[in-house]
Structures are given as structure tokens and as C-alpha cells.
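Report on the structure
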Amino acid sequence: AIRQNPTEDPERDYLPRNASDLQTHEPEQEMVAATARALFAKFGAWDAEALLEPQELSFRKSYALKGEFVECGFHRINYDFADGQDMDCLQVATKSVEFDKFTRWLIVTAVSDGAFNAHALAAQQGAFAMLESIDSIAQTSMNQARIAAAVIFFTVGFVALLIGALLAWGISEPVSRLSTDIQQMDEYNGILPEFI
């Protein structure tokens, strides 16, 4: 007895005909379903021209399960430190292999984003945090240096003004006395005898 409907075979119930036909509530099949849907959403067909060349991409699994392709980017860890939430990113690599004139397979590898470079990305984020800290410290130091320079500039200016005022007073006092003495001598000039 040959069965006409493949779903009547209990052994084949768990094997999907196409990876994009997988149900999203099957957690063991979720990565396969997300990868298939993401590739189909991005390239539109399994025999797309772009898939003949090797591809590397990263996408959000939660969006791929809805049939949308949302890229993550390779510079991110699979964890969003700002929001504190799992980014659910997957990295995928594809390679098209031609066996004969009529047979071509698309080999797809999917891993959790950051599976091979999580330590390097964590170190990179640590280095970026350290650079931001150093930049903040440098900015604070520069601001303090500017304030100190302004205080020194105004202090030196005030001291120079004070010294100038004291010198002006110190010089003007003897000149004033000399002027008074010359005026008094001029008054005595008419009183003194002619022989002087």
C-alpha cells in the first residue's frame, strides 16, 4: 500500500518538506526555519543569482521567523548591553556547490552571532569603554587646565596692574615734589639778589 499523502506516514511527520515550511513553535527547528526564511526574504529564491557566490550575513532570528530580513552587523555581540536584551542574531554563510549540469546544492551554515568571536568582541567593547573613559578624563583635565590658565592669566594681569599703579604712584610722588620745588624756586627768583 503506497500512501498518496506524505503526512499519513508517521515517520515522516517530523521531517518538513521545505525548511521554510517549519512551524516557529518547534524550538529545535527554529534556527533552521529562521535561516531559511531570512535567506528567502533577502534573495527571493533559492536559485537566486547572488547565491551562486559565497555569502556571509548576520540577521535577527525573531524577524526572520516572521519572514523579514533585518541585519545585525558583524561588529556586535549577541547581546545588547544598552538594553540588556539578547539580540537573537545569527551568522550565516552559504556556498553553492554544482554536482553536475542539473544538480546544484546550496550549503548553509548558521551559528549564533558571536559564537566564534565573542571573546574578541567583548575585548573590543572593553577597549572602547576604556577609550571613552580616557577621553572623558582627558576632557575633564583639559577643562581644568583651561580654568587654571584663565585664573593664572587674570591673576598675573591683576598683579601687573597693581605693580603698574604702585610704580606710577612711586614715580609721580617725586616728580610732584620736584614740580613744587621748581615753582617755589621760581617765586624766589625775583627775591634773590642780582649777583646770583
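Definitions and limits used
Residues numbered from 1 in each chain as written. Predicted model: local features only at pLDDT ≥ 70, side-chain atom pairs only at ≥ 80, totals over all residues. Heavy atoms only, no water. Core = buried A, V, L, I, M, F, W, Y, C linked by side-chain atoms within 4.5 Å. Buried < 20%, exposed > 50% of the residue type's maximum accessible area, 1.4 Å probe, protein only. Helix = DSSP H or I, 4+ residues; strand = E, 2+ residues; numbered from the N terminus. Contact = heavy atoms within 4.5 Å. pLDDT = per-residue confidence, 0-100. Pairing = 2+ DSSP bridges. Axes fitted to C-alpha atoms, helices over the stretch in contact; angles between N-to-C directions. Expected span 1.5 Å × (residues − 1).

Here's the deal with the nonpolar core
- Judged by nonpolar contacts, the single largest core of 13 residues is most densely connected at A34, L39, F43, L57, F59, A64 and V92.
- Contributions of two or more residues to this core are made by α1 (30-43), β1 (55-60) and β4 (89-98).
- Among the elements that line this core, the one with the most residues is α1, at five residues.
- In this structure, A34 is in contact with F59, K61, A64, L65 and L90, ignoring residues within four places of it in sequence.

Observations regarding the confidence of the model for the protein chain
- For the protein chain, mean pLDDT is 77; residues scoring 70 or higher make up 71% of the total.
- Contacts for the low-pLDDT stretch residues 1-7, under 50 throughout, to residues beyond four places or in other chains number five contacts.
- In the model, residues 9-17 has pLDDT below 50 throughout and makes five contacts with residues more than four positions away in sequence or in other chains.

Considering the sheet that holds β4
- If you trace the three strands from one edge of the open sheet to the other, you get β1-β4-β5, paired in antiparallel fashion. Sheet topology places β1 and β5 (104-112) at the edges, where each strand pairs with a single neighbour. Between one strand axis and the next, the sheet turns through 25 degrees on average, direction left out of account.
- Relative to β4, β1 runs antiparallel, the two being bridged by six bridges. Across the sheet, residue Q55 finds its bridge partner in β4, namely T94.

Overview of α1
- Helix length check: α1, at 14 residues, gives a terminal C-alpha distance of 20 Å against a target of 20 Å (1.5 Å per residue), a fit within 8%.
- The complete set of buried residues in α1 reads A33, A34, T35, A36, R37, A38, L39 and F43.
- Contacts from the buried residues of α1 go to β1, α2 (61-64), β4 and β5.
- Note on α1: the residue one or two positions beyond its end, G44, has a positive phi of about 85 degrees.

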